[in-house]
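Spelled out, the chains give:
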Amino acid sequence: MILDPLQRLGKASLDFFERLGRGHLFLMYTLAGIPGLLLRPRLVIAQLYSVGVLTLLIILVSGVFVGMVLGLQGYNTLVDFGAEESLGVVVALSLVRELGPVVAALLFAGRAGSALTAEIGLMKATEQLSGMEMMAVDPMKRVVAPRFLAGFLSMPLLAAIFSAVGVYGGYFVGVGLLGVDDGAFWSQMQAKVDLHEDIFNGVIKSVVFGFVAAWIAVFEGYDAVPTSEGVSRATTRTVVHTALAILGLDFVLTALMFGD
Amino acid sequence: MQNTRSMEIAVGLFVAGGLAALFMLAMQVSNLSANISSKSYEVTAAFQNIGGLKVRSPVTVSGVRVGRVEAIDYDTKGYEAVVTLRIDDKYDTFPEDTSASIFTAGLLGEQYISLQPGGSETDLKSGDRIHLTQSALVLEQIIGQFLYNVASKESK
């Protein structure tokens, strides 16, 4: 009787580690399926369309608005110190280092990750995956690997587009509406933003986030309980776990890159 | 078939757009265009006090940016800060007796090194040391001297 809570705790921990182990084995099988895709690039292109191109709109719109808000808020703070010429630095550094990779990854999880999970989960629930196995088609290679690869490739591109569009959003508000000097905006930005320190590190972040987001999305779908409720739970888990993983990883990566 | 084609075109546009965004970030936002000329040479200068000078701070002559601070070190024998300056090869005709001073951009701005060319016939070469240097102004020292002057005047 008194051991019941203890038993539940033990079961929960064992389940957690079992899932973690399954997730890693799943990742290895997925990665093993990627070389075979070189022979069939069409599978990846179809997924790049649904994962990357269809996510583009939300990335563009959010990027512009995030950049505009940064321009507005940054201006209000900097103008008190007579330093509104540094607006370009503020906008570019916040976007390239943090907001670009992180917000793009969160949007990616909501728009593309959930769709991937639901699609694979429904394939499992309607026994399409087992059907493929019956026909000696490996669903890991045919279904999972192209989706994973497409997510992994799309994410850095989406993050770069987000940052670039955001910089122009900040430029529009700062220079266009609030009257910051055009030349100072760009020249201060170019003087303070470093190619290696800031831009490459931002790209590395988005590559890591793309890997994690794509991994979680396809794994949750493949691991879903094959019922309609199971698929809906898996979709929710994808969004929540991806968001948590990205925010946690972002702190670790920031501490490693810009810590000293 | 038409469907596949338009989808592939869309993917192509997406990839091209992403790469263009990366390219724009590299060229327009970062300092890549500033240090694109890779040829440069290094000279060193020793200062009593470098104040808030940092690696990558600008090096200017008459206000024109000619290079940047490559490294900052402390010489334990001479008790001085040794600053390595990397100067663009375009500007390789500074006289040997050029002097270096640390100035501040604006009242609270960042610090930079300003070079004043001297009158010598021979030019600075890579690896040379600039001997005439002027340290950074430290605000606390100036205020201290000012207060000391005021106090000594009043006591007369």
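As a convention, each chain's residues are numbered from 1 in the sequence order in which they are written. Chains and ligands are labelled sequentially in the order written, the chains with letters from A and the ligands with numbers from 1. The predicted origin of the model limits local features to residues at a pLDDT of at least 70 and limits the giving and counting of side-chain atom pairs to 80 or more, whereas totals for whole chains, interfaces and linings rest on all residues.

Mind showing me how you'd approach the overall build of chain A here?
Scanning chain A from N- to C-terminus turns up nine helices and zero strands. Ordering the α and β elements of chain A from the N terminus gives α-α-α-α-α-α-α-α-α. Dimensions of chain A, computed from C-alpha atoms along their principal axes, come out at roughly 65 × 55 × 30 Å. A burial count over chain A gives 43% of its 260 residues as buried. Residues are scored as being in contact if the C-beta atoms we place from backbone atoms lie within 7 Å. Of the contacts formed within chain A by residues at least 6 apart in sequence, a portion of 86% connects residues at least 24 apart. Helix and strand definitions follow DSSP, with helices as H or I runs of at least four residues and strands as E runs of at least two, each counted in order from the N terminus. Backbone-placed C-beta atoms define the burial measure: a residue is buried with 20 or more other C-beta atoms within 10 Å of its own, exposed with 12 or fewer, and partly exposed in between.

How should the overall build of chain B be read in this particular structure?
A tally of helices and strands in chain B yields two helices and eight strands. Along chain B, helices and strands appear, N-terminal first, in the series α-β-β-β-β-β-β-β-β-α. Reported as C-alpha extents along the three principal axes, the dimensions of chain B are approximately 100 × 45 × 30 Å. Taken across its 156 residues, chain B has 22% of its residues classed as buried. At a minimum sequence separation of 6, the contacts of chain B that also span at least 24 residues come to 63%.

When you look at the confidence of the model for chain B in this model, what are you seeing that I'm missing?
Any region with low pLDDT has predicted coordinates that should not be read closely. All names here are of chain B. Within chain B, residue pLDDT values average 83, and 91% of them lie at 70 or more. Element-level pLDDT for chain B is lowest in helix H1 (residues 2–29), with a mean of 84, against a maximum mean of 89 in strand S4 (residues 80–88). Taken over the whole predicted complex, pTM reads 0.77, whereas the ipTM for its chain interfaces reads 0.77. Predictor confidence is given residue by residue as pLDDT, running from a minimum of 0 to a maximum of 100.

Help me out: how do you make sense of the nonpolar core in this one?
Across soluble globular proteins, nonpolar side chains have a tendency to be buried as a group. Core analysis: the biggest nonpolar cluster contains 72 residues, and Ala 92, Ala 213 and Val 218 of chain A have the highest contact counts within it. The set of elements that each furnish at least two residues to this core consists of helix H2 (41–51), helix H3 (56–78), helix H4 (87–125), helix H6 (139–177), helix H7 (182–192) and helix H8 (195–222) of chain A together with H1 of chain B. No other element matches the 20 residues that H4 of chain A contributes to this core. Among all residues touching Ala 213 of chain A, those that are not within four sequence positions of it are Ala 105, Phe 108, Ala 109, Gly 113, Gly 151, Met 155, Thr 242 and Ile 246 of chain A. The term nonpolar core refers to a group of buried residues, namely Ala, Val, Leu, Ile, Met, Phe, Trp, Tyr and Cys, whose C-beta atoms join them within 7 Å.

How should the packing of H4 of chain A against H6 of chain A be read in this particular structure?
Packed helices, taken two at a time, are described by the angle their axes make and the gap between the axes. Axis geometry follows a simple rule: fit a line to the C-alpha atoms, using only the stretch in contact for helices, then measure angles between N-to-C directions, giving values from 0 to 180 degrees. Running from amino to carboxyl end, H4 of chain A crosses H6 of chain A at an angle of 145°, the nearest separation of the two axes being 7 Å. Every pair of crossing elements has a handedness; the one defined by H4 of chain A and H6 of chain A is right-handed. Handedness of a crossing follows from how the near helix is turned relative to the far one, being left-handed for an anticlockwise turn of less than a right angle and right-handed for a clockwise one.

Before we go on, may I ask you to explain the sheet that holds strand S7 (residues 129–130) of chain B in this structure?
Sheet strands line up and pair through hydrogen bonds in the backbone, either parallel or antiparallel. All names here are of chain B. Only strands joined by at least two bridges in the DSSP assignment are considered to pair. If you trace the eight strands from one edge of the open sheet to the other, you get S7-S1-S4-S3-S2-S6-S5-S8, paired in mixed fashion. In the strand order of this sheet, the two ends are held by S7 and strand S8 (132–134), each with one partner. Here six bridges tie strand S5 (residues 99–104) to strand S6 (residues 111–116), and the two strands are oriented antiparallel to one another. Residue pairing for S6: Ile 102 is matched across the bridge by Ile 113.

Can you walk me through H3 of chain A in this structure?
For an α-helix, the turn length of 3.6 residues means that residues three or four places apart are oriented alike. All names here are of chain A. Helices are assigned an expected span. That span is 1.5 Å times one less than the residue count. Between its terminal C-alpha atoms H3 stretches 32 Å, which fits the 33 Å expected from 23 residues at 1.5 Å a residue. Turning to H3, its buried residues number three or more, namely Ile 59, Gly 63, Val 66, Gly 67, Met 68, Leu 70, Gly 71, Gly 74 and Tyr 75. Looking at the buried residues of H3, the elements they touch are H4 and H6.

Explain the interface of chain A and chain B to me, please; I cannot follow it from the model alone.
By a widespread convention, an interface's size corresponds to the accessible area lost as its parts come together. Tallying the contact residues gives 24 residues for chain A and 19 residues for chain B. Elements with a contribution of two residues or more to the side of chain A that touches chain B: H2, H4, H6, H7 and H8 of chain A. Among the elements that line the side of chain A that touches chain B, the one with the most residues is H6 of chain A, at seven residues. Taken together, the residues that form the side of chain A that touches chain B break down as 19 nonpolar, three polar and two charged. Each residue is assigned to one class: nonpolar for Ala, Val, Leu, Ile, Met, Phe, Trp, Tyr, Cys and Pro, charged for Asp, Glu, Lys and Arg, and polar for all the others, Gly among them.

Looking at this model, I keep getting lost on helix H1 (residues 4–33) of chain A. Mind explaining?
Over its 30 residues, H1 of chain A extends 43 Å from the first C-alpha to the last, a length consistent with the 44 Å expected when each residue adds 1.5 Å. When you tally the buried positions in H1 of chain A, you get two out of 30 residues, a small fraction of the element.

Sorry if this is basic, but what is going on with the packing of H6 of chain A against H8 of chain A here?
All names here are of chain A. Viewed as axis vectors pointing N to C, H6 and H8 meet at an angle of 145°, and their least axial separation amounts to 8 Å. The crossing of H6 and H8 is right-handed. Tallied by class, the residues present in the contact of H6 with H8 amount to 16 nonpolar, six polar and one charged.

Explain unusual backbone geometry to me, please; I cannot follow it from the model alone.
For residues besides glycine, phi is generally negative; the peptide bonds are generally trans as well. Residues and elements named next belong to chain B. The backbone of Ser 62 sits at a positive phi, close to 50°, despite the residue not being glycine. Relative to the elements of secondary structure, Ser 62 occurs in the loop between strand S2 (58–61) and strand S3 (64–75). For Ser 62, a count of 9 C-beta atoms within 10 Å translates into the label exposed. Located in the positive-phi region is Tyr 79, a residue other than glycine, with phi close to 55°. Tracing the backbone shows Tyr 79 in the loop between S3 and S4. Using a count of 9 C-beta atoms within 10 Å as the deciding quantity, one classes Tyr 79 as exposed.

I would appreciate a short explanation of the environment of Met 27 of chain B in the present structure.
In this structure, Met 27 of chain B sits in helix H1. Sequence separation between Met 27 of chain B and Ala 151 of chain B is 124 residues; the distance between their C-alpha atoms is 55 Å.

Even after reading the chapter, I still don't get the pairing of S5 of chain B, so can you show me in this structure?
Every regular strand shows the same layout, with side chains that alternate between the two sheet faces. By the bridge criterion, three bridges tie S5 of chain B to S8 of chain B in an arrangement that is parallel. Opposite Ala 100 of chain B, over in S8 of chain B, you have Thr 133 of chain B as the bridge partner.

Mind showing me how you'd approach the environment of Arg 147 of chain A here?
Residue and element names in this part refer to chain A. Note that Arg 147 resides in helix H6. Between the C-alpha atom of Arg 147 and that of Val 51, which follows or precedes it by 96 residues, the distance is 8.0 Å. Excluding residues within four positions of it along the chain, Arg 147 makes contact with Gln 47, Leu 116 and Val 218.

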